[in-house]
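# An overview of the molecular structure
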Amino acid sequence: QRRVRQIAQETGVTITSTSLAESRETDDWLLVEQTLSFNLDNQTHTLAFLQQLDESRPWLAVSYFSLRRARNMYSGEITVVGFSRANAATPAGG
């Protein structure tokens, strides 16, 4: 969540609201998914925002994206998914 907010700030995108992040763990992988609403006043910032998300490490993917124009402002919604290795809580057998 922090990385997405940082990328948004760097690219001129204003996050207006966020849903509660959902996480799932399978085997030794952790998936975290979160939907955010945003505003921007220059549509060219959209591409920079998406490009930086794609290039980020840890890697973040966009699973949903929408953008609407209302007068001189653009608003939208994006769902971002992140993957990472989960830490083993305890060794096997103990």
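So, a few notes on the structure that sits alongside this text. The model shown is predicted, which means the values in this text are computed figures rather than measured ones. (Residues numbered from 1 in each chain as written. Predicted model: local features only at pLDDT ≥ 70, side-chain atom pairs only at ≥ 80, totals over all residues. Heavy atoms only, no water.)

On to the pairing of strand β4 (residues 60–70), then. One ladder, built from 10 bridges, connects β4 with strand β5 (residues 73–85); its direction is antiparallel. Its bridge partner lying in β5, Ala-61 is registered against Val-81. Joining the antiparallel neighbours β4 and β5 is a turn of two residues, in which Arg-71 adopts a positive phi near 60 degrees. (Pairing = 2+ DSSP bridges. Helix = DSSP H or I, 4+ residues; strand = E, 2+ residues; numbered from the N terminus.)

It is worth spelling out the packing of helix α1 (residues 2–10) against helix α2 (residues 44–55) at this point. Here α1 crosses α2 at 145 degrees, and the two axes come no closer than 9 Å. Of the two elements, α1 crosses α2, and the hand of that crossing is right-handed. Counting all contacts with α1, which are made through Val-4, Ile-7, Ala-8 and Glu-10, the residues of α2 involved are Phe-49, Gln-52 and Leu-53. The class makeup of the residues in the contact of α1 with α2 is five nonpolar, one polar and one charged. (Axes fitted to C-alpha atoms, helices over the stretch in contact; angles between N-to-C directions. Left-handed = near helix turned anticlockwise from the far one by under 90°. Contact = heavy atoms within 4.5 Å. Nonpolar A, V, L, I, M, F, W, Y, C, P; charged D, E, K, R; others polar.)

As a further point, take the pattern of salt bridges. On inspection of all chains with the given rule, the structure shows one salt bridge. We note a salt bridge from Glu-33 to Arg-24, for which the minimum N-O separation is 3.2 Å. Residue class for Arg-24 comes out partly exposed when judged on its relative accessible area of 46%. (Salt bridge = Lys/Arg side-chain N within 4 Å of Asp/Glu carboxyl O. Buried < 20%, exposed > 50% of the residue type's maximum accessible area, 1.4 Å probe, protein only.)

Right, let's talk about α1 for a bit. Along α1, the residues classified as buried are Val-4, Ile-7 and Ala-8. Mapping the buried residues of α1 onto a view down its axis gives an arc of 100 degrees, with all of them on the same face. Exposed residues on α1 whose side chains face more than 90 degrees from its buried face are Arg-2 and Gln-9. For α1, the elements touching its buried residues are β1 (14–18), β3 (29–40), α2, β4 and β5. (Arc of directions from axis to C-beta.)

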